[in-house]
Amino acid sequence: MNDTLYVFDLDETLINGDCAMIWNQFLVKKGVITDSNFLVEDRRLMDLYAQGQLNMEQYLEFTMAPLLDIAESKIEQLIAECVESDILPKLFPQAKTLIEQLQQQKADTLIISASISFIVEKVAQRLGIDHALGIDLQCKHGNYTQYISGIATYREGKVKRLQQWLCQQRRKDTKIVFYTDSINDLPMCLHADDVVLINPCPQLRSEANSHPLWSILTWG
């Protein structure tokens, strides 16, 4: 039996948007975040992410600051609401079709994202994706902190976390089919066996010129 794992980036790949930004907008809408400049700074930092220049530790310090005094259980309630109301409606129709096809084939699927795990895991659960890896945060006294636990699923860290996960699953010689849009995922693209670019950013599209076997799809 061919051991194939279909691995998806999440933001701008499966959904038409960035779930971390959608989450922050949701928190402003709910009144959890009251700083009028928060979304402006969030946009500035995410522009750095798009350029492949984001410092993830600094970003987590910023984005988690309003949540440090909120219990994990309350955050779980909020993220469940956010996924239903604001994230799932942004799922690309083509992504929905592909996921359904893979489910019918009983294919093994995984989302690996540079977003925080509690977002990624909830989205994966609702989409019927088998496994999910995101940035794990340390917890203290029932609250999330801004500090990363283990290896961040960001840039080269995605490859390391995937290898770590495959080892924990005792899987060897697994074929990796990877879907992404972002230049931040170039290390994963170079690691994967097959690569499918979804609406790739200009930097990744340019990189694809050197890899004629990579597929490019336009979803919308």
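Here the structure is shown first, and the text comes after it.
This structure is a prediction, so every number in the text was calculated from the model and none was measured. (Residues numbered from 1 in each chain as written. Predicted model: local features only at pLDDT ≥ 70, side-chain atom pairs only at ≥ 80, totals over all residues. Heavy atoms only, no water.)

Draft legend 1. Looking closely at the side chain of D108. Mapped onto the elements, D108 comes out in strand β2 (residues 108–116). Exposure remark for D108: the relative accessible area of 18% places this residue in the buried category. A distance of 2.3 Å separates polar atoms of two side chains, one belonging to D108 and the other to R171. Sequence-distant contacts of D108, that is, excluding residues within four places in its chain, are made with T4, L5, Y6, D130, H131 and R171. (Helix = DSSP H or I, 4+ residues; strand = E, 2+ residues; numbered from the N terminus. Buried < 20%, exposed > 50% of the residue type's maximum accessible area, 1.4 Å probe, protein only. Polar contact = N/O pair within 3.5 Å; in protein donor to acceptor, adjacent residues only side chain to side chain. Contact = heavy atoms within 4.5 Å.)

Draft legend 2. Just the environment of I111, in detail. Within the secondary structure, I111 sits in strand β2. On the basis of relative accessibility, which here comes to 0%, the residue I111 falls in the buried class. Sequence separation between I111 and A124 is 13 residues; the distance between their C-alpha atoms is 6.7 Å. In this structure I111 touches F8, L10, L14, V120, A124, L127, I129, H131, A132 and L133, once residues within four positions along its chain are discounted.

Draft legend 3. Spatial organisation of the pairing of strand β7 (residues 194–198). Within β7, four of the five residues are buried, leaving the element largely enclosed by the surrounding structure. When strand β6 (residues 175–180) meets β7, the two strands line up parallel, connected through four bridges. In the sheet register, T180 faces β7, and the bridge partner there is L197. In terms of handedness, the path from β6 via helix α8 (residues 186–191) over to β7 forms a crossover that is right-handed. Pairing of β7 with strand β8 (residues 215–217), which is carried by three bridges, proceeds in the parallel orientation. Bridged to L197 within β8 is I216. Once the chain exits β7 it traverses helix α9 (residues 202–208) before rejoining the sheet at β8, and the crossover so formed is right-handed. (Pairing = 2+ DSSP bridges. Right-handed = clockwise from strand over helix to strand, strands pointing away.)

Draft legend 4. A look at empty space enclosed by the protein. Scanning the model with the defined rule gives one cavity of 30 Å³ or more in all. At the level of elements, α1 (19–29), α2 (38–50), α3 (56–64) and β2 are the ones that each hand at least two residues to the lining of the largest cavity. Across the lining of the largest cavity, the residue classes tally to 11 nonpolar, three polar and two charged. (1 Å grid on protein atoms, 1.4 Å probe; cavity = no way out; pocket = protein on both sides within 12 Å on 5 of 7 lines; lining within 4 Å. Points joined across faces, edges and corners; volume = space filled by probe spheres on them. Nonpolar A, V, L, I, M, F, W, Y, C, P; charged D, E, K, R; others polar.)

Draft legend 5. Here's a closer look at the sheet that holds β6. The parallel open sheet is built from six strands, whose spatial order is β3-β2-β1-β6-β7-β8. Among the strands making up the open sheet, the edge pair consists of β3 (131–135) and β8. The average angle at which neighbouring strand axes cross in this sheet is 20°, direction not considered. Bridge count for strand β1 (residues 4–8) against β6 is five bridges, and the pairing is parallel. Bridging from a neighbouring strand, T4 pairs with K175 of β6. (Axes fitted to C-alpha atoms, helices over the stretch in contact; angles between N-to-C directions.)

Draft legend 6. Structural context of unusual backbone geometry. One non-glycine residue with positive phi stands out, namely H141, at about 55°. Among the secondary structure elements, H141 is positioned in the loop between β4 (137–140) and β5 (143–148). Phi angles above zero are rare outside glycine, and N199 is one such case at about 45°. On the accessibility criterion, N199 (25% relative accessible area) is partly exposed.

Draft legend 7. Structural view of the pattern of salt bridges. This model, assessed by the stated rule, comprises 12 salt bridges. Residues D9 and K158 are paired through a salt bridge, measuring 3.1 Å at the closest nitrogen-oxygen approach. Taken together, the residues span a long stretch of sequence, with D9 in the loop between β1 and α1 and K158 in helix α7 (residues 156–168) at a distance of 149 residues. Judged by its relative accessible area of 2%, D9 falls in the buried class. Residue K158 is classed as buried on the basis of its relative accessible area, which comes to 1%. A salt bridge links K29 to D86, with the shortest nitrogen-to-oxygen separation between them at 3.0 Å. Note that K29 is positioned in helix α1 and D86 in helix α4 (residues 72–87), a separation of 57 residues in sequence. Relative accessible area serves as the criterion here: at 56%, K29 is assigned to the exposed category. Under the relative-accessibility criterion, D86 is labelled buried at 16%. (Salt bridge = Lys/Arg side-chain N within 4 Å of Asp/Glu carboxyl O.)

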